[in-house]
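# Per-entry structural report
Single-letter residue listing:
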Amino acid sequence: MTTEPPRGAEAPPELVQLLTPEGERVEHPDYDIDLTPEEVRGLYRDLVLVRRVDLEAVALQRQGELGIWASLLGQEAAQIGSGRALAESDMVFPTYREHGVAWCRGVDPVNLLGLFRGVNHGGWDPAEHNFHLYTIVIGSQTLHAVGYAMGVQRDGAVGENGAATIAYFGDGATSQGDVNESFIWASVFNAPIVFFCQNNQWAISEPLEKQSRIPLYRRASGFGFPGVRVDGNDVFACLAVTRKALADARSGQGPMMIEAFTYRMGAHTTSDDPTRYRLADELEAWKLKDPIERVRAYMFKNRIADQDFFDAIDAEADELGRDVRKRCLELPDPEPLAIFDHVYAEPHRLMDEERAQFAAYLEGFEG
Amino acid sequence: MTTLTLAKALNEGMRKAMEDDPKVLVMGEDVGKLGGVFRVTDGLQKDFGEQRVIDTPLAESGIIGTAIGLALRGYRPVCEIQFDGFVFPAADQIITQLAKMPLRSLGKLKLPVVVRIPCGGGIGAVEHHSESPEAYFTHTAGLRVVACSNPADGYTMIQQAIRCEDPVIFFEPKRRYWEKADVDTSAPADDWTPFDRARVVRPGADVTLLAYGPMVRTCLEAAAAAEEDGRSVEVVDLRSLNPLDIDLVAESVARTGRCAVVHEAPVFSGFGAEIAARLTERCFYNLEAPVLRVGGPSTPYPPSRLEDHYLPDLDRVLDAVDRLFAF
Ligand SMILES: Cc1ncc(C[n+]2csc(CCOP(=O)(O)OP(=O)(O)O)c2C)c(N)n1
Ligand SMILES: [Mg+2]
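Where an unreviewed UniProt entry is consulted, chain B appears under the name 2-oxoisovalerate dehydrogenase subunit beta, with the organism given as Streptosporangium pseudovulgare.

As annotated in an unreviewed UniProt entry, chain A is Pyruvate dehydrogenase E1 component subunit alpha from Streptosporangium pseudovulgare. UniProt lists a comment for chain A under the heading Cofactor (unreviewed entry), and it reads "thiamine diphosphate".

Here we come to the sheet that holds strand S7 (residues 168-173) of chain B. Residues and elements named next belong to chain B. Here we have seven strands laid out as an open sheet, ordered S3-S2-S4-S5-S7-S6-S12, and mixed in their pairing. Strand pairing shows two members of the sheet lacking a second neighbour, strand S3 (53-55) and strand S12 (240-242), which therefore form its edges. Across this sheet, the average inter-strand angle for adjacent strands is 20°, counted without regard to direction. Two elements, strand S6 (residues 144-147) and S12, share two bridges in a ladder whose sense is antiparallel. When the sheet's bridge partners are listed, valine 146 is paired in S12 with serine 240. The sheet strands contacting helix H1 (residues 6-20) are strand S2 (24-28), S3, strand S4 (76-80), strand S5 (114-119) and S7, and the helix crosses S2 at an angle near 135°.

So, on to the environment of lysine 23 of chain B. Residue and element names in this part refer to chain B. Mapping lysine 23 onto the fold places it in the loop between H1 and S2. The exposure class assigned to lysine 23 is partly exposed, which follows from its relative accessible area of 34%. Sequence separation between lysine 23 and glycine 74 is 51 residues; the distance between their C-alpha atoms is 7.1 Å. Aside from chain neighbours lying at most four places away, what touches lysine 23 is Arg52, Gly74, Tyr75 and Arg76.

In this section: the packing of aromatic side chains. Applying the stated criterion across every chain yields a total of 36 aromatic pairs over all chains. Members of the aromatic cluster, each reached through a chain of ring pairs, are Trp69, Phe116, Trp124, Phe131 and Tyr134 of chain A. In this arrangement the basic side chain of lysine 23 of chain B is found over the ring face of tyrosine 75 of chain B, its NZ or CZ atom lying 4.5 Å from the centre. Of note, arginine 231 of chain B hangs over the ring of phenylalanine 325 of chain B, and the distance from its end group to the ring centre comes to 4.2 Å.

Residues and elements named next belong to chain A. Residue placement: arginine 219 occurs in helix H8 (residues 219-223). Here arginine 219 occupies a buried position and makes no salt bridge, while the nearest side chain of opposite charge, glutamate 259, is found at 9.2 Å. A distance of 3.2 Å separates a polar atom in the side chain of arginine 219 from the backbone oxygen of threonine 174.

Turning next to the coordination of the magnesium ion (ligand 2). Residues and elements named next belong to chain A. Asp171 (OD), Asn200 (OD1) and Trp202 (O) make up the full set of protein donors to the magnesium ion (ligand 2), lying at 2.1 Å. Within one chain, the residues donating to the magnesium ion (ligand 2) are spaced in sequence as D-x28-N-x1-W. With aspartate 171 in the loop between strand S3 (165-170) and helix H7 (177-188) and asparagine 200 in the loop between strand S4 (193-199) and strand S5 (202-203), this pair connects stretches of sequence that are 29 residues apart. You'll find aspartate 171 and asparagine 200 in the same group, each marked buried.

Definitions and limits used
Residues numbered from 1 in each chain as written. Chains lettered and ligands numbered in written order. Predicted model: local features only at pLDDT ≥ 70, side-chain atom pairs only at ≥ 80, totals over all residues. Heavy atoms only, no water. UniProt positions renumbered as here; feature names shortened; annotations may be inferred. Pairing = 2+ DSSP bridges. Helix = DSSP H or I, 4+ residues; strand = E, 2+ residues; numbered from the N terminus. Axes fitted to C-alpha atoms, helices over the stretch in contact; angles between N-to-C directions. Contact = heavy atoms within 4.5 Å. Buried < 20%, exposed > 50% of the residue type's maximum accessible area, 1.4 Å probe, protein only. Phe/Tyr/Trp six-rings, centres within 6.5 Å; stacked < 30°, edge-to-face > 60°. Lys NZ or Arg CZ within 6 Å of the ring centre and 35° of its normal. Lys, Arg positive; Asp, Glu negative; His and termini not counted. Salt bridge = Lys/Arg side-chain N within 4 Å of Asp/Glu carboxyl O. Polar contact = N/O pair within 3.5 Å; in protein donor to acceptor, adjacent residues only side chain to side chain. Donors = N, O, S within 2.8 Å, 3.2 Å for Na, K, Ca; no water.

Below, the structure written as structure tokens:
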């Protein structure tokens, strides 16, 4: 096999960055952002709190309280930046790792834990939060998102008071047929959608080279819409780029793809052992690009916050962690007969029959 | 004899098949360096290289579609679908192409493709990781469908599936991957039970339990428990679902007069229905009771905290045995 870089991969991709890993603000010709100190503090708080919830969830899994957990560690900026760019009427279609976006949409973290604990399959009301259920089958949700956006379009909600739809997916997902079909549909129907790809460099054990020989954002142009690569560990850039893409979608300019270039700092899930397939050096290099540290450095340098502020956020995070843990442990196991609930929207003879049989069977043990 | 887990037995079986035939390829998501999420392909890429053990892009339709192409070019691909619930993106390639292309060619083309699917529940997983989709595939003519239940069969059946000229859907009970047993890796292949044959794994006189994959062990435990109540329970491991070894099954049921089919999949339109219908045809005058089916409720697989209620267990099987005697 050749060691040459594949054709088409030579040109260095341009990365939109507004805040360097050292916490320096930099300019970009196409994207800018003007944040008040209050807004910066808000973003920092979001980043710290979602990381704390994530850590708590990992700990809960280790203690046997969750079946599994998919950590967002390292991807906080991509999720908070894009999540805070959303308007209330925008609709989100997440994967299973979008805990930070869920946070921005006001979904109680304990709801997320319920799925991973195995008490439900999600169960929050997507319409209440404009945040769809987590989708585990890789890529499926991108088509749902496009269909939803086509509905928005047919409702006339494009233009001045338009609403956008955003589909989240990973680098691995870009290989799925569904995702490629969703690009085609979005393009052909000029759907008001943003494709937000978190390229965290890995799909379980497979590095990006197993999915693509060109930078992912460049795929978009072949489908007929723009693509951009953003520093996924830069919350300012993620916010700015997503804001612009959403605004364009809402106003009728059609789809756009954002590739948030980031890194999965943890294991794929708590069941995974990344030492089997990746080197520690890579992790060390990405540690220097931490999404939270750079905001903190920026805030210090620009006196946007003092030590008291940081201490207060840390305390709030600890309190949140405690609260989430407590409420997770209190989640009741569902009743056995709940197996038959919500399978159909309308009464269903077979469900009734099997529910009754099962109830009788369970009663046999009580007698 | 060596003691192997089911995962390791399958691994050794594939290794042997790859040594025996340079055309055998292994392909799937994370099968290379990681060795698969269940480690069933552990070490194969290291020993056979990336040309023969292929970490594919994340696309199941692509895995099966390209496996068909490789088979057309003379290779024998062994595809891993990471979890049961993720075989559906490949359903089109399996059902419309893999199953039917040989027929379209009037037999000129053969597609010796194996599709390995870790199946079933019991591991506390999230949605789509605990399914039992066998009936979709047994309903598709052109596919052979088999399920191994133990390490010894894992070792031989995977090799037989790879040698078979037909496409084979190969179910592996994921919750049994870590269970160990003695495996005779030196027995010549001619001595192996053909992989389309069922096997009596525990002889008995009063009732027959039919199972495959993960439920074989559950049935064996139930049979042991029933013996304490003075009931002699025969357990048959079907091993092959399509074709079904109906002769062996009918012989057993004609002898015992009572039968329950046990599977994790939902009962309604499940594989048990086919067996029950056939036994009614073959053993009508020998039956002391209707053939019962023990399986999952006809609902989607529940969240893991409920899976112990969903999955047939010792009590559910014994309950069926009681009902067979009470009829
Ligand atoms: C259709 C399908 N195939 C396989 C899987 C198993 N699986 C779960 S996550 C994953 C990798 C996903 O990688 P990527 O899209 O990069 O997202 P990330 O997990 O890195 O966020 C795989 C193969 C699945 N969930 N769905
Ligand atoms: Mg990824």
